[in-house]
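As a plain string of letters, each chain reads:
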Amino acid sequence: MLDWPENIIPIFQPPYSPELNPIERFWEHLKAQLKWHNCRCLDELRALLKKALEEITPEAIRSLTGWNFITNAVRSLS
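Every chain is numbered on its own, with residues counted from 1 as its sequence reads. Where totals are concerned, whole chains, interfaces and linings use all residues; where local detail is concerned, this predicted model gives features only for residues with pLDDT of at least 70, and gives and counts side-chain atom pairs only at 80 or more. Side-chain numbers here rest on the full set of heavy atoms in the structure, without hydrogens or water.

S.K.: What am I meant to see in the packing of helix H1 (residues 22-34) against helix H3 (residues 58-65) here?
M.R.: Axis angle and axis distance: for two packed helices, these are the angle between their axes and the distance between the axes, and together they describe the pair. It is the contact of H1 with H3, at a shortest axis distance of 8 Å, that shows an interaxial angle of 125 degrees. The angle between H1 and H3 falls in the class oblique. Contacts between H1 and H3 pair Pro22, Arg25, Phe26 and His29 from the former with Ile61, Ser63, Leu64 and Thr65 from the latter. As a working rule, the residues Ala, Val, Leu, Ile, Met, Phe, Trp, Tyr, Cys and Pro are called nonpolar, Asp, Glu, Lys and Arg charged, and the rest polar, with Gly in that last group. Here the contact of H1 with H3 is composed, by residue class, of four nonpolar, three polar and one charged. Orientation is described by lines fitted to C-alpha atoms, with helices fitted over the stretch in contact, and by angles between N-to-C directions that extend from 0 to 180 degrees. Numbering goes from the N terminus for both helices and strands, where a helix is a DSSP run of H or I of at least four residues and a strand is a run of E of at least two. Roughly parallel covers angles under 35 degrees, roughly antiparallel covers those over 145, roughly perpendicular covers 65 to 115, and oblique covers all other angles. Residue contacts are defined here by distance: any two heavy atoms, one from each residue, within 4.5 Å place the two residues in contact.

S.K.: What exactly am I supposed to notice about the nonpolar core here?
M.R.: For soluble globular proteins, the rule of thumb is that nonpolar side chains tend to be buried together. Working definition of a nonpolar core: buried Ala, Val, Leu, Ile, Met, Phe, Trp, Tyr and Cys residues. They are joined through side-chain atoms within 4.5 Å. Residue exposure (1.4 Å probe, protein chains only): buried if accessible area is under 20% of the type maximum, exposed if over 50%, otherwise partly exposed. In this structure, Phe26, Leu30, Leu34, Leu48, Ala52, Ile56 and Leu64 together form the largest nonpolar core, which totals seven residues. Listed by contribution, the elements that provide at least two residues to this core are H1 and helix H2 (42-55). The leading source of residues in this core is H1, at three residues. With sequence-adjacent residues up to four places away left out, Leu48 is seen in contact with Leu34, His37 and Cys39.

S.K.: I would appreciate a short explanation of the environment of Met1 in the present structure.
M.R.: Residue position: Met1 is located in the segment before H1. Using a relative accessible area of 99% as the deciding quantity, one classes Met1 as exposed. Note: C-alpha distance between Met1 and Leu30 (29 residues apart in sequence) is 40 Å.

S.K.: Hey, could you run me through a nonpolar patch on the surface in this one?
M.R.: The grouping of Leu2, Trp4, Ile8 and Phe12 at the surface amounts to a nonpolar patch, some 480 Å² of accessible area in total. In this structure, Leu2 sits in the segment before H1. Of the residues examined, Leu2 reaches a relative accessible area of 61% and is grouped as exposed. For patch detection, residues must exceed 30% relative accessible area and be free of salt bridges, and they are connected within 9 Å for like charges or within 5 Å for nonpolar side chains (Val, Leu, Ile, Met, Phe, Trp, Tyr). Using the Shrake-Rupley algorithm and a 1.4 Å probe, accessible areas are obtained, with residue cover drawn only from the displayed protein chains. Criterion for a salt bridge: a side-chain nitrogen of Lys or Arg within 4 Å of a carboxyl oxygen of Asp or Glu.

Worth remembering: the numbers are spatial, not functional.
Right, dumping it as structure tokens:
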């Protein structure tokens, strides 16, 4: 039996559940910005990726990876 503090809410996930993984939403957002670029070399792709990462705001990251998204996804499973 596992013991955890009362202020921790365990979320049991199916074995494969990318919709509950915050980083998946972040990558989806990032890839959407880059998908129409046809890079000729790896350095060009790196430059585009660096620019996209520098432009993303902390607020955008919070909205993509925040708890509300995870809570909504868990609720939709039941």
